[in-house]
Amino acid sequence: MSLYTRKESLPIPPRDAERYTTVCQYCSAGCGYNVYVWPVGKNGSAKSNAFGIDLSSPSPMLSGHSYTETMHNVITRKNGVRYNLAIVPAKESRVNKGDYSIRGGTNAIACWSDTGYTRKRLKHPLLKKGDSFAPIPWTDAITIIATLVKATIDKYGADSIAMKFYDHGSSGLGFEDNWAAGKLFLSGIGTHYLSIHNRPAYNSEVWGTRERGMHELNYDADDARLADTVVLWGANTYEAATILYTEHIMPNLQGGSVDEKKRAYQTGEPAAEGLLVVVDPRKNASVTVARAIAENRVLHLRPNLGTDWILANAVARIIWSNGWHDKAFLEKRTDLKTFEDYKQKSLQLSRPLVEVLAEAEKITGVPRAQMQQAAEWIAKPKNGGFRRRTLTIYEKGIIWNMKNYDQVAAIAQLSVLTGNVGKPGTGCGRQGGHQEGYVRPGAPTPGSVYAGGPPKNVDKYLTGGGGKIYWVGATDPYLSTPNSQFFRKMLKKRSATLLDSIDSGGVPSDPKELVTRVLDAFEKSDGLFMIVQDIYMTQTAGDAMLILPAAAWGEAAETSINCHSRLLRIYDKFMDAPGESLPDWKILSMVGMKLRALYLAAGNQAMADRFGEMDWKSDDEVFLAGSREFGDNRVPETEEARLSPECYRGVTHQILRKLGNTGIQTPVRVDPASGELVGTKRRYRYSFASNDGLFKWYGTDPWSGYPPEVAKYIDNPAYPFWFTTGRSQLVWQTMYHDRYLPEKYLALPLPYVEIHPEDAARLNIKSGDMVEVFNEEGTTVALVYVNDAGKPGLIFGLMYHARGSLNHLTSSYTDPKTTIPWYKGTKVGVRPYRGTPDEAIRTTSLLPNNDVT
Amino acid sequence: MSPISRRTFLQTSSATLALALFGLSGTAESATGKRYPSIKIGNLRQLKEGEPVQFNYPDPSSPCNLVMLNEEAVGGIGPDRKVVAFSALCPHMGCPVNYSKGRFLCGCHYSMFDAAKNGQTYQGLASQWLPQITLRLDRTSGSIFAEGVEGLISGRIGNLNIS
């Protein structure tokens with residue numbers, strides 16, 4: 001009867017079970033988890049167990065002890081012994097307090113099990129042999145790569161090597177893997193054609209705030225409970241950083257944090273239930289859940305796609321005109337020279353308020369009354385003249401918007417204008433997607449067009465025939481890159497060209513012979529040699545010549561920080577990686593050392609030196625090697641702004657194991673007075689991260705319409721719908737794990753779009769139908785869910801799914817200032833799909849996911 | 001060891017008890033080897049569409065809902081397979097779930113479970129789907145019996161381990 005095999009009891013960890021602490025492998029919240037491992041058959045009992053609680057009676061609701069069907073798995077270690085694995089949310093973690101999301105709750109079943117859902121992990125290095133792959137030894141794989149990379153650099157230059165690697169923490173092995181990738185690609189190979197997992201270039205997504213002197217991770221999760229007003233701007237927190245919402249924002253709305261506020265606020269300062277402003281074109285569950293809790297304390301602004309910075313500036317102008325800005329803060333903490341530019345261009349003080357607002361209303365579609373209310377909720381002083389404390393959290397709705405740089409800058413500046421940085425209940429920063437764990441040598445492009453940039457667009461380089469080798473690490477650009485149908489088409493062609501050139505009587509396994517043929521193909525054609533390093537077979541990997549199997553979360557010790565408190569913790573190793581797979585840092589180390597040996601053998605000391613210091617023996621060693629990049633961190637608290645935001649110098653894996661779920665907040669300082677390691681709760685209390693410590697203002701651009709890549713659709717009746725993309729609560733990223741977990745793939749079996757009931761009626765379609773969504777960039781067939789999240793005329797699509805990508809439709813536009821794409825805005829046409837619907841739809845719920853009443 | 005706790009045994013009416021004993025051979029065996037009880041929980045003729053009826057299963061400390069939907073459901077019984085039953089405890093953190101509009105909604109964190117689709121979490125925090133109660137219909141009398149649980153009841157280490 002059940003759609004998949006359910007469990008009706010769970011094995012109990014005995015008191016002597018192995019115990020580890022870890023942090024969830026998924027979203028930016030970074031919930032703490034406890035891990036228990038014990039041999040199969042050696043269970044504890046209801047009264048005596050590793051949880052230390054009596055399991056013979058049901059645990060009361062919200063008790064903070066959860067152990068569910070998805071929190072247990074059976075694993076096999078390299079010793080051949082089968083073990084039970086339980087991964088349960090940590091009650092003692094101040095991030096989640098025992099709570100967990102639909103993603104984190106599956107940490108255990110997503111671990112590799114040779115008999116479970118995830119048995120299809122990659123286990124051996126694979127070489128493409130015609131239309132299939134064959135396992136080869138690591139020594140051959142490393143020899144092929146190193147020989148080929150060296151020969152290619154020597155003949156065509158370092159820029160002939162293109163790379164796309166993750167730079168995040170959590171599911172990647174955080175600081176350890178990132179340092180290794182930085183050493184190999186930035187110090188060693190030295191190519192300019194670098195790109196990050198989710199975008200076509202090597203850039204910050206938030207140079208608009210960093211170049212102001214304010215790093216994007218500056219607040220603490222506590223601030224979401226302490227704020228008078230929380231602003232969620234283009235950040236679907238309930239669905240994408242769930243526990244930040246349920247454990248920190250929701251209690252504030254419910255009034256559960258008023259006492260906490262009283263303790264944190266000044267004497268006599270009013271403390272009440274929180275207000276929430278959501279700026280999002282969609283009435284998604286982040287809005288509807290909040291309204292179900294406190295209808296009158298939720299304000300929802302729904303700007304037209306691409307127009308948010310105009311809205312932010314209009315709200316700032318209302319604040320200025322009412323005198324609600326923080327004059328003392330502006331004068332003391334910000335650069336009044338650059339402020340003139342902001343006043344002129346962003347606040348438009350030379351124009352009358354009514355004119356500015358009328359124009360903003362026309363561009364954004366947001367009524368003036370709502371702008372006024374937002375301004376009041378963000379900045380109107382409280383009774384007694386106390387400044388309102390507002391925390392602003394933004395994410396991909398802003399970052400992956402048109403004009404990335406100006407969007408981010410406008411929101412950061414709105415917060416600084418109102419003095420909302422560095423105090424309890426304030427802050428302005430990213431929500432984040434993954435957790436972070438970035439430590440690398442300096443990037444070739446240091447900043448936006450205003451600071452030495454913009455960086456190269458690797459996608460355009462490759463689709464235009466550039467490059468010889470493309471090395472992809474833990475990302476699946478065939479699904480995830482913008483304009484992905486075109487990208488895939490071009491890369492397939494170039495990979496096929498290479499394969500065709502070298503496949504003469506088969507593809508040779510002998511490294512020397514293979515390299516000779518590949519180099520010959522490079523000379524004669526635009527063939528592309530793709531290397532994919534991942535934990536599963538991916539769509540992109542299907543066209544790779546070489547696939548390298550990597551270790552996943554839990555299979556090596558790693559460290560990362562979460563995004564809402566910069567909380568550094570250890571994500572310990574509790575199981576072995578499948579087959580011959582290795583941590584990414586180890587793979588990169590082997591290639592680096594081989595390259596060094598080849599250059600030494602060729603008498604090229606200078607090149608050999610570039611690949612030095614990569615012979616790490618352990619994960620702890622890589623972590624320590626990376627820490628030296630941060631420089632001297634012996635500074636007093638008042639100078640924390642000088643430190644790199646993720647600085648952990650002085651911290652070791654051993655220290656983090658002792659700290660467990662408590663962790664330590666970066667930047668970590670060595671306090672000059674005590675000599676102790678000290679974390680930083682919130683940033684920029686004393687100064688900003690600029691040369692003189694002052695916040696640097698920026699006058700944003702005026703509205704000038706849409707870029708040509710989208711403007712071409714505006715008056716074209718073939719593409720009547722605006723189209724935006726985003727995430728689903730249910731699945732993580734490309735569903736690399738979720739595509740194998742029945743709880744997930746049965747619930748979301750296909751790529752999908754959400755369509756408003758009025759549009760659905762006009763198109764004569766209903767939930768459960770299939771449609772083809774199309775424009776000049778590409779087409780996708782998608783399942784339809786009808787709901788009222790978007791306005792009529794706006795279609796929402798899941799960015800990508802294991803079985804297809806809606807990024808086929810996104811344009812190749814990137815912000816000329818930063819090379820960040822506009823994933824979230826284009827126009828499309830819709831055709832009802834007349835074929836028989838995929839039978840997979842039978843398992844999915846068709847109920848609207850934003851109706852919570 | 002009895003599959004039914006002493007308390008359940010005493011609370012069960014004699015008519016139900018007779019059927020429970022009669023139906024014993026038809027009940028599901030749990031993973032722990034214990035057998036689920038067969039308990040009469042309602043009558044098809046008394047069910048009204050969209051109006052859930054509460055019952056406890058497999059023991060008194062496990063509240064459940066029996067409901068007739070307006071569509072065919074996975075695991076549904078009755079002429080149109082519209083009658084289903086689920087645990088009333090959210091598998092996320094054990095809060096009560098309430099039925100409306102074809103789904104069970106948890107008031108603590110707003111997880112939502114589709115009653116026609118096996119209790120699947122289609123929104124919210126519960127990584128585990130809502131446990132569904134296996135039902136059997138006596139066509140002659142219209143009596144509905146609960147005879148098993150698919151999925152782990154929230155807060156328990158085993159569905160039948162609690163005594």
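Small disclaimer: the values here were computed from a predicted structure and weren't measured. Within any chain, residue numbers begin from 1 and follow the written order of that chain's sequence. A letter from A marks each chain and a number from 1 marks each ligand, given out in the order of writing. Local features in this predicted model are restricted to residues of pLDDT 70 or higher, and side-chain atom pairs are both shown and tallied only at a pLDDT of 80 or more, whereas totals for entire chains, interfaces and linings draw on every residue.

1. Concerning the overall build of chain B
Next, step 1: Runs of H or I in DSSP of at least four residues are treated as helices and runs of E of at least two as strands, each being numbered from the N terminus. Within chain B, the regular secondary structure consists of two helices and 10 strands.
Next, step 2: Listed by position from the N terminus, the elements making up chain B come as α-α-β-β-β-β-β-β-β-β-β-β.
Next, step 3: Any residue surrounded by 20 or more other C-beta atoms within 10 Å of its C-beta is treated as buried, while 12 or fewer makes it exposed and the intermediate range makes it partly exposed; C-beta atoms here are placed from the backbone. Of all 163 residues assigned to chain B, the portion counted as buried reaches 57%.
Next, step 4: It is the C-beta atoms, placed from the backbone, that decide contacts: two residues are in contact if theirs lie within 7 Å. Taking the contacts inside chain B whose residues are at least 6 apart along the sequence as the reference set, 45% of them involve residues at least 24 apart.

2. Some thoughts on the overall build of chain A
Next, step 1: Within chain A, the secondary structure is distributed over 26 helices and 29 strands.
Next, step 2: Taking 853 residues into account, the globule formula puts the C-alpha radius of gyration at 29 Å, and chain A, at 26 Å, falls close to it.
Next, step 3: On the principal axes, the C-alpha backbone points of chain A span a range of 80 × 70 × 65 Å.
Next, step 4: Taking all 853 residues of chain A together, the buried fraction comes to 62%.
Next, step 5: Across chain A, every contact between residues at least 6 apart in sequence was considered, and the portion connecting residues at least 24 apart equals 76%. As a reference, a globule follows 2.2 Å times the number of residues to the power 0.38, and the radius of gyration itself is taken over C-alpha atoms.

3. Some thoughts on the sheet that holds strand 7 (residues 112–114) of chain B
Residue and element names in this part refer to chain B.
Next, step 1: Pairing is antiparallel in the open sheet, where four strands are placed in the order 5-6-7-8. The open sheet has two free edges, formed respectively by strand 5 (97–100) and strand 8 (120–123), since each of these has just one partner strand. Shown here is a sheet whose adjacent strand axes are inclined to one another by a mean of 35°, direction ignored. Criterion used throughout: strands pair if DSSP finds at least two bridges between them. Orientation is described by axes fitted as lines to C-alpha atoms, over the contacting stretch for helices, and by angles from 0 to 180 degrees between their N-to-C directions.

4. What about the interface of chain A and chain B?
Next, step 1: Contacts between the two partners involve 39 residues from chain A and, on the opposite side, 42 residues from chain B.
Next, step 2: For the side of chain A that touches chain B, the secondary-structure elements that each account for two or more residues are helix 6 (242–254) and helix 8 (285–294) of chain A.
Next, step 3: All residues other than Ala, Val, Leu, Ile, Met, Phe, Trp, Tyr, Cys, Pro, Asp, Glu, Lys and Arg, Gly among them, are scored as polar; the first ten of these are nonpolar and the last four charged. Along the lines of polarity and charge, the residues of the side of chain A that touches chain B split into 17 nonpolar, 17 polar and five charged.

5. Describing the domain arrangement of chain A
How big an interface is tends to be stated in terms of the accessible area lost upon association of its parts.
Residues and elements named next belong to chain A.
Next, step 1: Here chain A is partitioned into domain 1 (18–106), domain 2 (126–205 + 437–557 + 580–610), domain 3 (218–430) and domain 4 (708–843).
Next, step 2: What fixes the domain bounds is an automatic or database domain assignment. Here domain 1 and domain 3 have C-alpha centroids that lie 37 Å from each other.
Next, step 3: When grouped by side-chain class, the residues that make up the side of domain 1 that touches domain 3 number four nonpolar, three polar and two charged.

6. Topic: the pairing of strand 16 (residues 546–549) of chain A
Residue and element names in this part refer to chain A.
Next, step 1: Side chains Leu546 and Leu548 of strand 16 all project onto a buried face; the interleaved residues Ile547 and Pro549 project onto the opposite face, where all are buried too.
Next, step 2: By the bridge criterion, two bridges tie strand 5 (residues 126–129) to strand 16 in an arrangement that is antiparallel. Within strand 16, the residue paired with Leu127 across the bridge is Leu546.
Next, step 3: Relative to strand 16, strand 15 (residues 529–534) runs parallel, the two sharing four bridges. From the neighbouring strand, Val532 faces strand 16, where its bridge partner is Ile547.

7. Here we look at the sheet that holds strand 16 of chain A
Residues and elements named next belong to chain A.
Next, step 1: Strand order in this open sheet of seven strands is 6-5-16-15-14-7-8, and the pairing throughout is mixed. In this open sheet, the two strands that pair with only one neighbour each are strand 6 (132–135) and strand 8 (194–196). Here the average twist between neighbouring strands, direction ignored, is 20°.
Next, step 2: The strands touched by helix 1 (residues 138–156) within the sheet are strand 7 (161–165), strand 14 (469–473), strand 15 and strand 16, with strand 16 carrying the most contacts at an inclination of about 125°.

8. Remarks on the environment of Pro837 of chain A
Residues and elements named next belong to chain A.
Next, step 1: Within the fold, Pro837 resides in the segment after strand 29 (826–832).
Next, step 2: When the C-alpha atoms of Pro837 and Gly768 are compared, they prove to be 8.3 Å apart, with 69 residues separating the residues in sequence.
Next, step 3: When residues no more than four places from it in sequence are discounted, the contact partners of Pro837 are Asp769 and Met770.

9. Details of the packing of helix 1 of chain A against helix 19 (residues 511–524) of chain A
Residues and elements named next belong to chain A.
Next, step 1: Their axes nearest at 10 Å, the elements helix 1 and helix 19 cross at an angle of 35°. The handedness of the crossing between helix 1 and helix 19 comes out as right-handed. In this structure, helix 1 uses Asp140, Thr143, Ile144, Thr147, Leu148, Ala151 and Thr152 to contact helix 19, whose residues at the interface are Pro511, Leu514, Val515, Val518, Leu519 and Phe522.
Next, step 2: Across the contact of helix 1 with helix 19, the residue classes break down as nine nonpolar, three polar and one charged. Whether a crossing is left-handed or right-handed is set by the direction in which the near helix is turned from the far one by less than a right angle, anticlockwise for left-handed and clockwise for right-handed.

10. A word on the confidence of the model for chain A
Next, step 1: Summing up the model confidence of chain A, the mean pLDDT is 97 and the portion of residues at 70 or higher is 100%.
Next, step 2: No element of chain A has a lower mean pLDDT than strand 28 (residues 804–805) of chain A, which averages 96, and none a higher one than strand 9 (residues 229–233) of chain A, which averages 99. The predictor attaches a confidence to each residue, called pLDDT, with possible values from 0 through 100.

11. What about the environment of Pro381 of chain A?
Residue and element names in this part refer to chain A.
Next, step 1: When you line up the elements, Pro381 lands in the loop between helix 13 (368–379) and strand 12 (390–394).
Next, step 2: Judged by the 13 C-beta atoms lying within 10 Å of it, Pro381 falls in the partly exposed class.
Next, step 3: Taking the C-alpha atoms as reference, Pro381 lies 40 Å from Gly797; in sequence the two are 416 residues apart.
Next, step 4: Residues contacting Pro381, with those up to four places away along its chain left out, are Trp324, Phe386, Arg387 and Arg388.

12. Here's the deal with helix 19 of chain A
Residue and element names in this part refer to chain A.
Next, step 1: Expected span, for any helix, means 1.5 Å times one less than how many residues it has. With 14 residues, helix 19 should cover 20 Å at 1.5 Å per step; its first-to-last C-alpha distance of 20 Å lies within 8% of that length.
Next, step 2: Looking only at helix 19, the buried set comprises Pro511, Leu514, Val515, Val518, Ala521 and Phe522. Down the axis, helix 19 shows its buried residues gathered within 125° of arc, on one side only. Of the residues in helix 19, the exposed ones pointing more than 90 degrees away from the buried face are Lys512, Glu513, Glu523 and Lys524.
Next, step 3: Among the structural elements, helix 1, helix 18 (484–502) and strand 15 are those in contact with the buried residues of helix 19. The arc in question is formed by the directions pointing from the helix axis toward the C-beta atoms.

13. Some thoughts on the packing of helix 1 of chain A against helix 20 (residues 584–601) of chain A
Residues and elements named next belong to chain A.
Next, step 1: Contact geometry for helix 1 and helix 20: axes closest at 9 Å, N-to-C directions at 55°. Classified by the angle between their axes, helix 1 and helix 20 sit oblique to one another. The hand of the helix 1/helix 20 crossing is right-handed. Here Ile142, Thr143, Ile145, Ala146, Thr147, Val149 and Lys150 of helix 1 come into contact with helix 20, specifically with Met590, Val591, Lys594, Leu595, Leu598 and Tyr599.
Next, step 2: For the contact of helix 1 with helix 20, the per-class residue count stands at nine nonpolar, two polar and two charged. Orientation labels follow simple angle bins: below 35 degrees gives roughly parallel, above 145 gives roughly antiparallel, 65 to 115 gives roughly perpendicular, and whatever is left gives oblique.

14. Focus: unusual backbone geometry
Residue and element names in this part refer to chain A.
Next, step 1: With an omega dihedral of 0°, the bond running from Gly453 to Pro454 counts as a cis peptide bond.
Next, step 2: Note that Pro454 resides in the loop between strand 13 (427–430) and helix 16 (458–463).
Next, step 3: With an omega dihedral of -5°, the bond running from Thr666 to Pro667 counts as a cis peptide bond.
Next, step 4: In this structure, Ala474 takes a positive phi of about 55° despite not being glycine.
Next, step 5: Checked against the element boundaries, Ala474 lands in the loop between strand 14 and helix 17 (477–480).
Next, step 6: Judged by local crowding, Ala474 falls into the buried class, with 23 C-beta atoms found within 10 Å.
Next, step 7: In this structure, Asn764 takes a positive phi of about 60° despite not being glycine.
Next, step 8: Positionally, Asn764 belongs in the loop between helix 26 (757–763) and strand 24 (770–774).
Next, step 9: By the C-beta count within 10 Å, which is 8 here, Asn764 ends up exposed.

15. A look at helix 15 (residues 404–417) of chain A
Residues and elements named next belong to chain A.
Next, step 1: Over its 14 residues, helix 15 extends 20 Å from the first C-alpha to the last, a length consistent with the 20 Å expected when each residue adds 1.5 Å.
Next, step 2: In terms of burial, helix 15 is largely enclosed, as 14 of its 14 residues are buried.
Next, step 3: Backbone geometry just after helix 15 places Gly419 at a positive phi near 70°.

16. Brief notes about the confidence of the model for chain B
Low-pLDDT portions of the prediction should not be read for the details of their coordinates.
Next, step 1: Mean pLDDT for chain B: 85, with 78% of residues reaching 70 or above.
Next, step 2: Contacts for the low-pLDDT stretch residues 1–25 of chain B, under 50 throughout, to residues beyond four places or in other chains number 29 contacts.

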